[in-house]
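For reference, the chains in residue letters:
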Amino acid sequence: MIVVGIDPSLLCTGIAVIDLDRRAVKTTRAQSAAMGKDIASVRRRLRIQARRILDAVPSKADLFVLEAPTPKSQLGSHNDRVGLYWFLVDQLLVRGAVGAVLPPHRAMYATGNGAAKKPQVVAAMKERFPGVAIPDDNVADALVLASMGARWLGHPLDGVLSEKQKTAYDKASWPVLKG
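Conventions and cut-offs
- Residues numbered from 1 in each chain as written.
- Predicted model: local features only at pLDDT ≥ 70, side-chain atom pairs only at ≥ 80, totals over all residues.
- Heavy atoms only, no water.
- Helix = DSSP H or I, 4+ residues; strand = E, 2+ residues; numbered from the N terminus.
- Buried < 20%, exposed > 50% of the residue type's maximum accessible area, 1.4 Å probe, protein only.
- Areas by Shrake-Rupley, 256 points an atom, 1.4 Å probe, with all protein chains shown as cover.
- Lys, Arg positive; Asp, Glu negative; His and termini not counted.
- Charge placed at Lys NZ, Arg CZ, Asp CG, Glu CD.
- Expected span 1.5 Å × (residues − 1).
- Polar contact = N/O pair within 3.5 Å; in protein donor to acceptor, adjacent residues only side chain to side chain.
- Core = buried A, V, L, I, M, F, W, Y, C linked by side-chain atoms within 4.5 Å.
- Contact = heavy atoms within 4.5 Å.
- Salt bridge = Lys/Arg side-chain N within 4 Å of Asp/Glu carboxyl O.
- Phe/Tyr/Trp six-rings, centres within 6.5 Å; stacked < 30°, edge-to-face > 60°.
- Pairing = 2+ DSSP bridges.

**As for the overall build of the protein chain**
Okay, so step 1: Helix and strand counts for the protein chain come out as six helices and five strands.
Okay, so step 2: When the 179 residues of the protein chain are sorted by exposure, 50% land in the buried category.
Okay, so step 3: On the protein chain, roughly 9,200 Å² of surface is accessible, and the fraction owed to carbon and sulfur atoms is 54%.
Okay, so step 4: The distance from the centre of the 25 positive side-chain charges to the centre of the 16 negative ones in the protein chain is 4 Å.

**Focus: the environment of V82**
Okay, so step 1: With respect to the helices, strands and loops of the structure, V82 is situated in helix α2 (residues 78–92).
Okay, so step 2: The class of V82 is partly exposed, set by a relative accessible area of 24%.
Okay, so step 3: A sequence separation of 37 residues divides V82 from R45, and the C-alpha atoms of the two residues are 13 Å apart.

**Considering helix α5 (residues 137–152)**
Okay, so step 1: Between the first and last C-alpha of α5 there are 23 Å, a value that for 16 residues agrees with the 22 Å anticipated at 1.5 Å per step.
Okay, so step 2: Of all 16 residues making up α5, 14 are buried, and the element is well covered by its neighbours.
Okay, so step 3: Capping the start of α5, D136 holds a side-chain oxygen 3.1 Å from the backbone nitrogen of N138, two or three residues further along.
Okay, so step 4: Backbone geometry just downstream of α5 places G154 in the positive-phi region, at approximately 90°.

**Let's talk about the nonpolar core**
Okay, so step 1: Membership of the largest hydrophobic core comes to 34 residues, with the highest contact counts inside it found for V3 and M125.
Okay, so step 2: Of all the elements in the fold, those that place two or more residues in this core are β2 (12–19), β4 (63–67), β5 (97–101), α3 (103–111), α4 (118–128), α5 and α6 (163–170).
Okay, so step 3: At nine residues, the largest contribution of residues to this core is made by α5.
Okay, so step 4: Those residues in contact with V3, other than ones at most four positions away along the chain, are A16, V17, I18, L20, L63, V65, A146, G149, A150 and L153.
Okay, so step 5: Among the nonpolar cores identified, the runner-up in size contains 23 residues, and V4, V42, L54 and L88 belong to it.

**Some points on the side chain of R45**
Okay, so step 1: In this structure, R45 sits in helix α1 (residues 39–56).
Okay, so step 2: Of the side chains bearing the opposite charge, D80 lies closest to the buried R45, which forms no salt bridge; the N-O distance is 4.9 Å.
Okay, so step 3: Sequence-distant contacts of R45, defined by excluding residues within four places in its chain, comprise L10, L11, S32, A33, A34 and M35.

**As for the packing of aromatic side chains**
Okay, so step 1: For the structure on display, the rule yields four aromatic pairs.
Okay, so step 2: Relative to W174, the ring of Y169 has its centre 5.3 Å away and its plane inclined at 40°; by these criteria the two rings are tilted.
Okay, so step 3: Following the ring pairs from residue to residue traces out a cluster consisting of Y109, W152, Y169 and W174.

**A closer look at the pairing of β4**
Okay, so step 1: For β4, the buried fraction is high: five of the five residues fall into the buried class.
Okay, so step 2: Bridge count for strand β1 (residues 2–7) against β4 is four bridges, and the pairing is parallel. Each bridged residue has a counterpart across the sheet, and for V4 the counterpart in β4 is F64.
Okay, so step 3: Inspection of the sheet shows β4 paired to β5 by five bridges, in the parallel sense. Paired with L63 across the bridge in β5 is A97.

Next up, the structure:
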């Protein structure tokens, strides 16, 4: 079974692929450069970044887990991030089931604190996955998402959860599987 965590970003997307049968973890990033702000440039940038992400993940997986854009966020290019998210969801649904996790729930699952800062999430993932390449917070976030997905698939990699971690896990948007 394969689970993929994706922390979508306009500049540096974190990706974690866990092969549950082999207990193997691979991490990578899909990077992009900034472009113009006109509509055609934004569309081109989103399509290029979506293609880079899709090229970096398996063509089939049992579950893809994405970090969902925070509702009502006013930071940076919120609309662009939402657009990238939906481009990815559209294409990933052809490759397998898709789940989504909001940033506070990702942080809470990783650390027990929904307001945890990026360095705390990185430290938690490095402790939980020694020997796995975690070069930045984007990859750490993707690894949290993949870990949550592994649990959803019935193969938890991270032991017993605290009540706060259980709450975060339960708030994720998990797919409804047919059959």
